[in-house]
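# Structural characterization, general
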Amino acid sequence: EVEAMARSIARAAGRGLAAAVPLSAAAGVRAALRVADIGAGRRPLRVPIRVVRVGDAALIGMAGEQFVETGARVKAAVRQAGLFPLVIGHAQHLAYVPTPEAFAARLPSDYEVDEARRLGMAEDAADRELGAVRRALQAVGRRRRGR
């Protein structure tokens, strides 16, 4: 069964490669790196935020594992910049990056929030990362209208 599945996946990948259209230089590949300080108080905790624009698509790399709510906000910011959010992933292992609402819930046992606090993460860390995403999106430019 595993071999049959692997062959099926290989055939599908081959069809995808055969149908692929190479990007021209006009596709507009641009990249930006911003750093977000997500540390609490005076303790710095700086993390990279990467945005790569390929044509009308934006690939986003964020430090840590984002909550679904943060992912939705990032996708909305990418769309607001006139781009299509292709991938949102974590660029380095850090920990979960809870939303301010998750921090505010103050549950008696909450692994993600407890770990974030142990690392010295600020309660608005997800908002700070989102701000860095927005700054990086500005740097890679808005999609041209009429395309």
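See the structure printed just above.
Residues numbered from 1 in each chain as written. Predicted model: local features only at pLDDT ≥ 70, side-chain atom pairs only at ≥ 80, totals over all residues. Heavy atoms only, no water.

Looking only at helices and strands, one finds 5 helices and 4 strands in the protein. The order of helices and strands in the protein, counted from the N terminus, is α-β-β-β-α-β-α-α-α. The burial tally for the protein puts 37% of its 147 residues in the buried class. Expressed as a percentage of contacts within the protein between residues at least 6 apart in sequence, the contacts between residues at least 24 apart total 67%. Carbon and sulfur atoms make up 56% of the accessible area of the protein, which totals about 9100 Å². (Helix = DSSP H or I, 4+ residues; strand = E, 2+ residues; numbered from the N terminus. Buried < 20%, exposed > 50% of the residue type's maximum accessible area, 1.4 Å probe, protein only. Contact = heavy atoms within 4.5 Å. Areas by Shrake-Rupley, 256 points an atom, 1.4 Å probe, with all protein chains shown as cover.)

Summed over all chains, the structure comprises 2 aromatic pairs. Between the aromatic rings of Phe67 and Tyr96, the centroid separation amounts to 6.4 Å while the plane-to-plane angle is 80 degrees, which identifies the pairing as edge-to-face. Taken as a pair, Phe67 in the loop between strand 3 (57–66) and helix 2 (68–80) and Tyr96 in strand 4 (residues 84–97) lie far apart in primary sequence, 29 residues in all. Seen in terms of ring centroids, Tyr96 and Tyr111 are 6.2 Å apart; in terms of plane orientation they differ by 85 degrees. Their pairing is edge-to-face. One end of the pair, Tyr96, is in strand 4; the other, Tyr111, is in helix 4 (residues 111–118), with 15 residues separating them in the sequence. (Phe/Tyr/Trp six-rings, centres within 6.5 Å; stacked < 30°, edge-to-face > 60°.)

With that settled, consider the nonpolar core. Counting residues in hydrophobic clusters, the biggest one holds 32 residues, and the most contacted among them are Ile38, Ile60, Leu94, Met121 and Leu137. Looking at this core, the elements that each hand over two or more residues are strand 1 (29–37), strand 2 (46–54), strand 3, helix 2, strand 4, helix 3 (100–105), helix 4 and helix 5 (125–140). In terms of residues, this core owes the most to one element, helix 5, which gives 8 residues. (Core = buried A, V, L, I, M, F, W, Y, C linked by side-chain atoms within 4.5 Å.)

Next up on the list: the side chain of Gln66. Following the sequence through the fold, Gln66 ends up in strand 3. Within the local environment of Gln66, its side chain forms a polar contact with the backbone oxygen of Ala63, the two atoms lying 2.8 Å apart. At 2.7 Å, the side chain of Gln66 forms a polar contact with the side chain of Glu129. With residues near it in sequence (within four places) discarded, Gln66 still touches Val97 and Glu129. (Polar contact = N/O pair within 3.5 Å; in protein donor to acceptor, adjacent residues only side chain to side chain.)

The tally for this structure, following the rule as stated, stands at 6 salt bridges. A salt bridge links Glu123 to Arg106; its shortest N-O distance comes to 3.3 Å. Of this pair, Glu123 sits in the loop between helix 4 and helix 5 while Arg106 is found in the loop between helix 3 and helix 4, placing the two residues 17 residues apart along the sequence. A relative accessible area of 34% places Glu123 in the partly exposed class. Between Arg128 and Asp124 there is a salt bridge whose closest N-O contact spans 2.8 Å. Exposure remark for Arg128: the relative accessible area of 29% places this residue in the partly exposed category. (Salt bridge = Lys/Arg side-chain N within 4 Å of Asp/Glu carboxyl O.)

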